[in-house]
Amino acid sequence: MNILERFISYTRFATTSSDDCDVCPSNPDEFLLANHLCQELKQLGVKDAHVDEQCFVYGTLESNVAHECPTIGFLAHMDTSNATSGTGVKARVIENYDGKDIELSEGIYTTVADYPDLADLKGKTIVVTDGTTLLGGDDKAGIAIIMDFVQRCHEDPSIRHGKVLVCFTPDEETGSGIHHIDLNEFKPDYAYTVDGGSPETIAYECFNGASAEIRFHGNSIHPGSAKGKMINACQLAIDFHNMLPVFDRPENTEGREGFNHLLNVQGDCQSAESVYIIRNHDAGLFEKQKKDFEMIRDTMNARYGKEVVELHLNDTYRNMAECFRGREYIIDNMLNALKEAGYEPKSEAIRGGTDGSQLSFMGIPTPNLGTGDFYCHGNHELVCIDYMQSMVDVVMKIAQASCEVK
Ligand SMILES: [Zn+2]
């Protein structure tokens, strides 16, 4: 089976995950794809391939070199975003794409004006939808790349590699699936997620994240006799918000700039509550942002002479970049493999967290590789098969480089 057929076979599984669900997988149909992938791994010689109760697929490629070398892992996720439908996906192959607007189905177009990157795909083989669903290249393209790599190793024993662990995960889009990974099954020395985006874009930096929950304690009294007595908790929440730096609001930031995002505010005269998320790539600036919250609390409490503001700050995740300090070869192996494949890799500081950032703090440093999937989470999603094929080479070169690491 080639990578195109393989990818299309995966798009037939509807694996939309759901945010408002406490069980993993959030969509029981993720098991259908998991079982399919497990069978496929077994056919490709991965004898220990299995699916666990939480819908994780695990498999091992045993080392075929005599010397000791690190165990590495590759991961891709099986679920698709719930931003649009993932059911009844009708993948359509366009060979030798002419670089012009694409009619997905009658009256629905993916245009070069709206999607300027299309021009770069001229002459390549791409796969599109009929414009009514997403394609699921995020992250079935990643699964197809890893599976193709497994097939190549199976067919060509001269490809030398150390022990390689493969893992297909549920519920990445909801951000919660990775908490259920079994580290007895998957504990490589380091790993790579193969998840979405242009092959040139790699990611090993993300935000530091914290949340701030603030309670405002007011003093309610009839407005007719409020003079000098009323403390309106909603007003406290407004005052607090207005003391935070205006240019730290998400709508005023991009790239590496951090932000304080007011998620929610509610209350009445007696009591109010607001919730913020705090984000920055830079650990020092991140601490400074948290300090701002503390200083505003102290200023307001001093002004009223009592505790009108109660602040709870919680760190939620950290920038995974720190996990690669002293182990730069994990990134270098990825950069070298991409350069050998003819790409000019660019590091993107992710404005969010990833499965890789969570794994990194579980002790498995995990940067991300692109796949050749574009415009994900929408009906104009498409994948470039040429890019996917070259990413199989990249994965293979990383596996080979890892058995040269001492
Ligand atoms: Zn993804």
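Within any chain, residue numbers begin from 1 and follow the written order of that chain's sequence. Given that this is a predicted model, residues contribute local features only at a pLDDT of at least 70 and side-chain atom pairs are listed and counted only at 80 or more, while totals for whole chains, interfaces and linings are drawn from all residues.

1. Looking at the overall build of the chain
Next, step 1: The numbering of helices and of strands both runs from the N terminus, where a helix is a DSSP run of H or I of at least 4 residues and a strand a run of E of at least 2. The helix and strand tally for the chain stands at 8 helices and 18 strands.
Next, step 2: Dimensions along the principal axes, computed over C-alpha positions, put the chain at roughly 85 × 55 × 40 Å.
Next, step 3: Long-range pairs, those at least 24 residues apart, make up 77% of the contacts in the chain with a sequence separation of at least 6. For every residue pair, C-beta atoms are placed from the backbone, and the pair is scored as a contact if these atoms sit within 7 Å.

2. Describing helix α3 (residues 137-155)
Next, step 1: The terminal C-alpha atoms of α3 lie 25 Å apart, and with 19 residues this matches the ideal 27 Å at 1.5 Å per residue to within 8%.
Next, step 2: To sort residues by exposure, count the other C-beta atoms lying within 10 Å of each residue's C-beta; 20 or more gives buried, 12 or fewer gives exposed, and values between give partly exposed, all with C-beta atoms placed from the backbone. With 16 of 19 residues buried, α3 lies mostly within the body of the structure. Given the number of residues in a helix, its expected span is that number minus one, multiplied by 1.5 Å.

3. Description of the sheet that holds strand β13 (residues 271-280)
Next, step 1: Spatial strand order, β12-β13-β11-β14: 4 strands in an open sheet with antiparallel pairing. Looking at which strands have only one partner, the edges of the open sheet turn out to be β12 (259-267) and β14 (309-317). Looking at each pair of strands side by side, their axes are set apart by 15° on average, direction ignored.
Next, step 2: Pairs of strands are assigned from DSSP output, requiring at least two bridges between the strands. Summarising the sheet, β12 and β13 pair through 8 bridges and their orientation is antiparallel. The axes are straight lines fitted to the C-alpha atoms, using for helices just the contacting stretch, and the angles between their N-to-C directions are given from 0 to 180°.

4. Describing helix α6 (residues 329-340)
Next, step 1: In a regular helix each residue adds 1.5 Å, so 12 residues correspond to 16 Å; α6 covers 16 Å between its end C-alpha atoms and thus fits that length.
Next, step 2: Within α6 the residues assigned to the buried category are I330, N333, M334, A337 and L338. The buried residues of α6 all sit within an arc of 125° when viewed along its axis, so they share a single face.
Next, step 3: For α6, the secondary structure elements touched by its buried residues are β9 (190-194), β10 (201-205), β16 (368-369) and α8 (385-402). To be clear, the arc concerns the directions from the helix axis to the C-beta atoms.

5. A closer look at the domain arrangement of the chain
Next, step 1: Each domain of the chain was delimited in the assignment, giving domain 1 (3-206 + 320-402) and domain 2 (208-317).
Next, step 2: The C-alpha centroid of domain 2 is placed 39 Å from the C-alpha centroid of domain 1.
Next, step 3: Facing 6 residues of domain 1, the contacting portion of domain 2 comprises 4 residues.
Next, step 4: Per-element tally for the side of domain 1 that touches domain 2: the top contributor is helix α7 (residues 355-361), with 3 residues.
Next, step 5: Residue polarity follows a fixed list, in which Ala, Val, Leu, Ile, Met, Phe, Trp, Tyr, Cys and Pro are nonpolar, Asp, Glu, Lys and Arg are charged, and the others, Gly among them, are polar. Grouping the amino acids of the side of domain 1 that touches domain 2 by side-chain chemistry returns 2 nonpolar, 3 polar and 1 charged. Where each domain starts and ends comes from a domain assignment, either automatic or drawn from a database.

6. Focus on the environment of G177
Next, step 1: Take G177: it is sitting in the loop between β8 (164-169) and β9.
Next, step 2: Taking the C-beta count within 10 Å as the criterion, G177 has 25 such neighbours and is therefore assigned buried.
Next, step 3: Residues within four places of G177 in sequence aside, it is in contact with C24, T169, P170, D171 and E172.

7. Topic: the nonpolar core
In summary, soluble globular proteins display a tendency toward joint burial of nonpolar side chains.
Next, step 1: Residues I145, I146, V150, V383, M388 and V395 are the most contacted members of the largest nonpolar core, which totals 85 residues.
Next, step 2: Here M388 is in contact with I3, F7, A141, A144, I145, T371, G372 and V383, once residues within four sequence places are set aside. Each nonpolar core consists of buried Ala, Val, Leu, Ile, Met, Phe, Trp, Tyr and Cys residues. Their C-beta atoms, within 7 Å, join them into a set.

8. Some details on the packing of α3 against α8
Next, step 1: Running from N to C, α3 and α8 cross one another at 55°; their axes reach a closest spacing of 9 Å. Considering their axes alone, α3 and α8 lie oblique with respect to each other. With respect to the hand of their crossing, α3 and α8 are arranged in right-handed fashion. Together, A141, A144, I145, I146, D148, F149 and R152 of α3 and M388, M391, V392, V395 and M396 of α8 make up the contact between the two elements.
Next, step 2: Tallied by class, the residues present in the contact of α3 with α8 amount to 10 nonpolar, no polar and 2 charged. Here roughly perpendicular refers to angles of 65 to 115 degrees, roughly parallel to angles under 35, roughly antiparallel to angles over 145, and oblique to all remaining angles. Working rule for handedness: look at the near helix, and if it is turned counterclockwise from the far one by less than a right angle, call the crossing left-handed; if clockwise, right-handed.

9. Description of the packing of α6 against α8
Next, step 1: α8 packs onto α6 with a crossing angle of 135° between their chain directions and a minimal axis gap of 9 Å. Judged on the interaxial angle alone, α8 and α6 are oblique. The hand of the α6/α8 crossing is right-handed. Here N333, M334, N336, A337, L338 and E340 of α6 lie close against α8, whose contacting residues are V394, K397, I398, A401 and S402.
Next, step 2: For the contact of α6 with α8, the residue count by class is 6 nonpolar, 3 polar and 2 charged.

10. Focus on the pairing of β9
Next, step 1: Among the 5 residues that make up β9, 5 are buried, leaving the element largely enclosed by the rest of the structure.
Next, step 2: Here 4 bridges tie strand β3 (residues 72-77) to β9, and the two strands are oriented parallel to one another. Residue pairing across strands places G73 opposite A191, the latter belonging to β9.
Next, step 3: Sheet topology note: the β9/β16 ladder contains 2 bridges and is parallel. When the sheet's bridge partners are listed, V194 is paired in β16 with L369.

11. Regarding unusual backbone geometry
Next, step 1: The residue after C24, namely P25, is reached through a cis peptide bond having omega 5°.
Next, step 2: By the element assignment, P25 lies in the loop between α1 (3-11) and α2 (30-43).
Next, step 3: Cis peptide bonds are those with omega within 30 degrees of zero, and the linkage from D138 to D139 qualifies with 15°.
Next, step 4: Counting through the fold element by element, D139 comes out in helix α3.
Next, step 5: Phi at Y375 takes a positive value of approximately 55°, unusual for a residue other than glycine.
Next, step 6: With respect to the element layout, Y375 can be found in the loop between β17 (373-374) and β18 (382-384).
Next, step 7: Judged by the 20 C-beta atoms lying within 10 Å of it, Y375 is buried.
Next, step 8: Positive phi is not limited to glycine here, since H377 has a value of about 65°.

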